[in-house]
Amino acid sequence: ECISNFTAKCDMASFGCDLISTAIWTGARLKDILSLAGGLMPGAVSLVAMTDDEFSSALPAELAMADDVLLVYEMNGTTLPREHGYPVRLLVPGRYGLKNAKWVVRLMVTTQPYVDWWGQRNWSLTSIAKTMSRIDVAKGGAAGQPVSIAGVTFAGERGVGAVQISDDGGKTWQAAQVESPNTPNVWSR
């Protein structure tokens, strides 16, 4: 999910608001690639992914060594498309896209904290995805009839346990049906 989905005036930005999806990724664990290069140096604080378009994304060294952080080269069973980062992109589950650098050409380990491209612009330094939900479809409801609604929800590493809906300003709540409840890092309907 793109952190700019929370931009207040989507029509004024060339990014965000609808940038979220679920995909099947294929790649190599970043920690295995780092191990092949001799591992992290003593005192390593940050891992920086530098990209072909001069973007940078920094991760704390301990996060870079997590089992689920990948350098991916396939998306949904096919070569990673250019718009999604071909030839390789960083994938950091549970973090907004600004930490999932596309078009990675260099990895750099630092012994000092590194403030990456978006961090220099005062966006989130950790970029942990927040829980979100939205209603996309509402049908019915004429003359006091029931309304059917549908939407999406996402909660990063936490997964979505339940969704409740209120039509009276929060006085009462009804449970909604959720696809794939409690599945981490999956966008659910």
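As shown above, the structure is provided for reference.
Colleague: Now, about the pattern of salt bridges: what can you tell me, with residues and values included?
Modeller: Evaluation of the coordinates by the stated rule reveals 6 salt bridges. Across the pair D67 and R29 runs a salt bridge, and its minimum N-O distance is 3.4 Å. In this pair, D67 sits in the loop between α2 (61-64) and β4 (70-75) while R29 sits in strand β1 (residues 25-29), placing the two residues 38 residues apart along the sequence. Residues R134 and D136 are paired through a salt bridge, measuring 2.7 Å at the closest nitrogen-oxygen approach. When salt bridges that share partners are traced, they join R29, K31, D32 and D67 into one network.

Colleague: Hey, could you go over the side chain of T153 for me, with residue numbers and the actual values?
Modeller: Within the secondary structure, T153 is located in strand β9 (residues 147-154). We classify T153 as buried; its relative accessible area is 5%. At 3.0 Å, the side chain of T153 forms a polar contact with the backbone oxygen of M132. With residues near it in sequence (within four places) discarded, T153 still touches M132, S133, V160, V163, V178, V186, W187 and S188.

Quick notes on the rules
- Residues numbered from 1 in each chain as written.
- Predicted model: local features only at pLDDT ≥ 70, side-chain atom pairs only at ≥ 80, totals over all residues.
- Heavy atoms only, no water.
- Salt bridge = Lys/Arg side-chain N within 4 Å of Asp/Glu carboxyl O.
- Helix = DSSP H or I, 4+ residues; strand = E, 2+ residues; numbered from the N terminus.
- Buried < 20%, exposed > 50% of the residue type's maximum accessible area, 1.4 Å probe, protein only.
- Polar contact = N/O pair within 3.5 Å; in protein donor to acceptor, adjacent residues only side chain to side chain.
- Contact = heavy atoms within 4.5 Å.

Treat this as a map of the structure, not an account of what it does.
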